[in-house]
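# Observations on the model geometry
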Amino acid sequence: AEADEPASALDAAAADAVRRFEAAMDDDLNTAGALAALFDLARSSNRALARGPDAEPVEALERALSAMTRLGTGVLGVVEEEGPVPRGEAADAGPLLDLLLEVRRRLRADRRFELADFVRDSLADLGYEVQDTPEGTVVRRRR
């Protein structure tokens, strides 16, 4: 493959989502279009996860997650909750945080712990502590 060629279908989806996200934001801060690009990338990631562990290289999933996290939290700031946030309460947690936690849950269920830990560590880098408890996953925003 040439240097400009995506390594996988998910890399191509991520590159397209980033391009669409940036174009939407350049278009008078079209946040609806930017979020649509993020959710399309999330759907592509979920489809790759559903196809099984050999569908995409782990690195492609990490790059897709990194793009979603960077754009969704770094640019849009859609994850801005304070205090404990139980997983699954999208109205309270924000759609991107809930999505990332669901992706992590599926990875753990598939025993893909390296990538699940990458999600947890990426959220920690953004100031969110993820704890797995007997009652479920809890996220706390560090101050």
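I will try to describe carefully the structure that is included in this document.

What counts and how
Residues numbered from 1 in each chain as written. Predicted model: local features only at pLDDT ≥ 70, side-chain atom pairs only at ≥ 80, totals over all residues. Heavy atoms only, no water. Helix = DSSP H or I, 4+ residues; strand = E, 2+ residues; numbered from the N terminus. Buried < 20%, exposed > 50% of the residue type's maximum accessible area, 1.4 Å probe, protein only. Axes fitted to C-alpha atoms, helices over the stretch in contact; angles between N-to-C directions. Parallel < 35°, antiparallel > 145°, perpendicular 65-115°, else oblique. Contact = heavy atoms within 4.5 Å. Nonpolar A, V, L, I, M, F, W, Y, C, P; charged D, E, K, R; others polar. Expected span 1.5 Å × (residues − 1). Polar contact = N/O pair within 3.5 Å; in protein donor to acceptor, adjacent residues only side chain to side chain. Core = buried A, V, L, I, M, F, W, Y, C linked by side-chain atoms within 4.5 Å. Patch = residues over 30% accessible without salt bridge, like charges linked within 9 Å, V, L, I, M, F, W, Y side chains within 5 Å. Areas by Shrake-Rupley, 256 points an atom, 1.4 Å probe, with all protein chains shown as cover. Salt bridge = Lys/Arg side-chain N within 4 Å of Asp/Glu carboxyl O. Lys, Arg positive; Asp, Glu negative; His and termini not counted. Charge placed at Lys NZ, Arg CZ, Asp CG, Glu CD.

### A closer look at the environment of Leu71
Position of Leu71 among the secondary structure elements: in helix H3 (residues 58-75). Leu71 gets classed as buried once you look at its relative accessible area, which sits at 3%. A sequence separation of 54 residues divides Leu71 from Ala17, and the C-alpha atoms of the two residues are 10.0 Å apart.

### Overview of the packing of helix H1 (residues 9-26) against helix H2 (residues 31-50)
Direction vectors running N to C along H1 and H2 enclose 170°, while the axes themselves pass 7 Å from each other. With respect to their mutual orientation, H1 and H2 come out roughly antiparallel. Here H1 contributes Leu10, Ala13, Ala14, Ala17, Arg20, Phe21, Ala24 and Met25 to the contact with H2, which in turn contributes Thr31, Gly33, Ala34, Ala36, Ala37, Leu38, Asp40, Leu41, Ser44, Ser45 and Ala48. Taken together, the residues of the contact of H1 with H2 sort by class into 13 nonpolar, 4 polar and 2 charged.

### Remarks on H2
Since one α-helical turn is 3.6 residues long, residues separated by three or four positions face the same way. The first and last C-alpha atoms of H2 sit 28 Å apart over 20 residues, in line with the 28 Å expected at 1.5 Å per residue. By the burial criterion, the buried members of H2 are Ala34, Ala37, Leu38, Leu41, Ala42, Ser44, Ser45, Asn46, Ala48 and Leu49. N-capping of H2 is provided by Asn30, with a side-chain oxygen placed 2.9 Å from the backbone N of Gly33.

### Some remarks on the nonpolar core
One finds Leu10, Phe21, Leu41, Met68, Leu107 and Leu123 to be the most contacted residues of the largest nonpolar core, which totals 35 residues. Looking at this core, the elements that each hand over two or more residues are H1, H2, H3, helix H5 (95-109), helix H6 (113-125) and strand E2 (128-133). Beyond its immediate stretch of four places on either side in the chain, Leu41 contacts Leu10, Ala13, Ala14, Ala17, Ala64, Ala67 and Met68.

### Here we look at a negative patch on the surface
A cluster of like negative charges, contributed by Glu22, Asp26, Asp27 and Asp28, occupies part of the molecular surface. Residue position: Asp27 is located in the loop between H1 and H2. Residue classification places Asp27 among the partly exposed positions, given a relative accessible area of 49%.

Treat this as a map of the structure, not an account of what it does.
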